[in-house]
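Reading the structure
One letter stands for each residue in the lines below.
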Amino acid sequence: HDRKRELRDHHRLLVGAVARAAGIDHRRLNAELISRTGSRVDLATVEQLEKRIRLLERWRDRGFDGKR
């Protein structure tokens with residue numbers, strides 16, 4: 001439970017940073033994450049959270065283009 005909480009906290013910070021940098025709202029970003037990982041953040045496994053974080057870090061570093 002602690003690991004998931006830590007991952008969700010990190011995830012939340014990354015979503016905010018990526019959304020601001022890309023000029024999109026959180027809902028669009030989260031919808032894209034759901035389509036790519038198969039789960040909402042509140043239902044995600046540790047592995048899915050880690051995948052979401054990797055995507056967010058890539059978008060933070062390279063920019064979000066909405067493409068797969």
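What comes next concerns the included structure. Residue numbers run consecutively from 1 along every chain, following the written order of its sequence. Reporting of local features is limited, given that this is a predicted model, to residues whose pLDDT is at least 70; pairs of side-chain atoms are given and counted only at 80 or more, and all residues count toward the totals for whole chains, interfaces and linings. Side-chain measures here rest on the full set of heavy atoms in the structure, leaving out hydrogens and waters.

**Points about the packing of helix α1 (residues 2-22) against helix α3 (residues 46-62)**
- Axis angles are defined between N-to-C directions and span 0 to 180 degrees, where every axis is a line fitted to C-alpha atoms and, for a helix, only to the segment in contact. Strands are runs of DSSP state E lasting at least 2 residues, helices are runs of H or I lasting at least 4, and numbering of each runs from the N terminus. Where α1 contacts α3, the axes come no closer than 9 Å and their chain directions differ by 25°. What the angle tells us is that α1 and α3 run roughly parallel. Handedness of the crossing formed by α1 with α3: left-handed. The segment α1 lies against α3, with Arg3, Lys4, Leu7, Arg8, His10, His11, Leu14, Val15 and Val18 engaging Val46, Leu49, Glu50, Arg52, Ile53, Leu56, Glu57, Trp59 and Arg60.
- Each residue receives one of three labels: charged for Asp, Glu, Lys and Arg, nonpolar for Ala, Val, Leu, Ile, Met, Phe, Trp, Tyr, Cys and Pro, and polar for the others, Gly being one of them. Looking at the contact of α1 with α3 residue by residue, the class counts come to nine nonpolar, two polar and seven charged. Angles below 35 degrees are treated as roughly parallel, those above 145 as roughly antiparallel, those between 65 and 115 as roughly perpendicular, and all remaining angles as oblique. Throughout, a crossing is termed right-handed when the near helix is turned clockwise from the far one, and left-handed when it is turned anticlockwise from it by less than a right angle. Any pair of residues with heavy atoms lying within 4.5 Å of one another is described as a contacting pair.

**Topic: the packing of helix α2 (residues 26-37) against α3**
- Contact geometry of α2 with α3 gives a least axis separation of 10 Å together with a crossing angle of 125°. Taken together, the axes of α2 and α3 are oblique relative to one another. The interaxial crossing formed by α2 with α3 has right-handed handedness. Here Leu29, Asn30, Glu32, Leu33, Ile34, Arg36 and Thr37 of α2 come into contact with α3, specifically with Gln48, Lys51, Arg52, Leu55, Leu56, Arg58 and Trp59.
- Along the lines of polarity and charge, the residues of the contact of α2 with α3 split into six nonpolar, three polar and five charged.

**Description of the side chain of His11**
- Note on placement: His11 falls in helix α1.
- With a relative accessible area of 4%, His11 lands in the buried category.
- Excluding anything up to four places from it in sequence, His11 contacts Asn30, Leu33, Val41, Arg52, Ile53 and Leu56. Residue exposure (1.4 Å probe, protein chains only): buried if accessible area is under 20% of the type maximum, exposed if over 50%, otherwise partly exposed.

**Topic: the nonpolar core**
- Only buried Ala, Val, Leu, Ile, Met, Phe, Trp, Tyr and Cys residues count toward a nonpolar core, and they belong to the same one when joined by side-chain atoms within 4.5 Å. Counting residues in each nonpolar core, the largest one holds 15 residues, and the members touching the most others are Val15, Val18, Leu29, Leu33, Leu56, Trp59 and Phe64.
- Elements supplying a minimum of two residues to this core: α1, α2 and α3.
- Ignoring anything within four residues of it in the chain, the contact list for Trp59 reads Val18, Leu29, Glu32, Leu33, Arg36 and Phe64.

**Digging into the packing of aromatic side chains**
- Only the six-membered ring of Trp is used, alongside the rings of Phe and Tyr, when aromatic pairs are assigned; centres must lie within 6.5 Å, and planes under 30 degrees apart are stacked while those over 60 apart are edge-to-face, with the rest tilted. A full pass over the atoms with the stated rule returns one aromatic pair.
- Look at Trp59 and Phe64: their rings are 4.7 Å apart centre to centre, the planes differ by 80°, and that puts the pair in the edge-to-face class.

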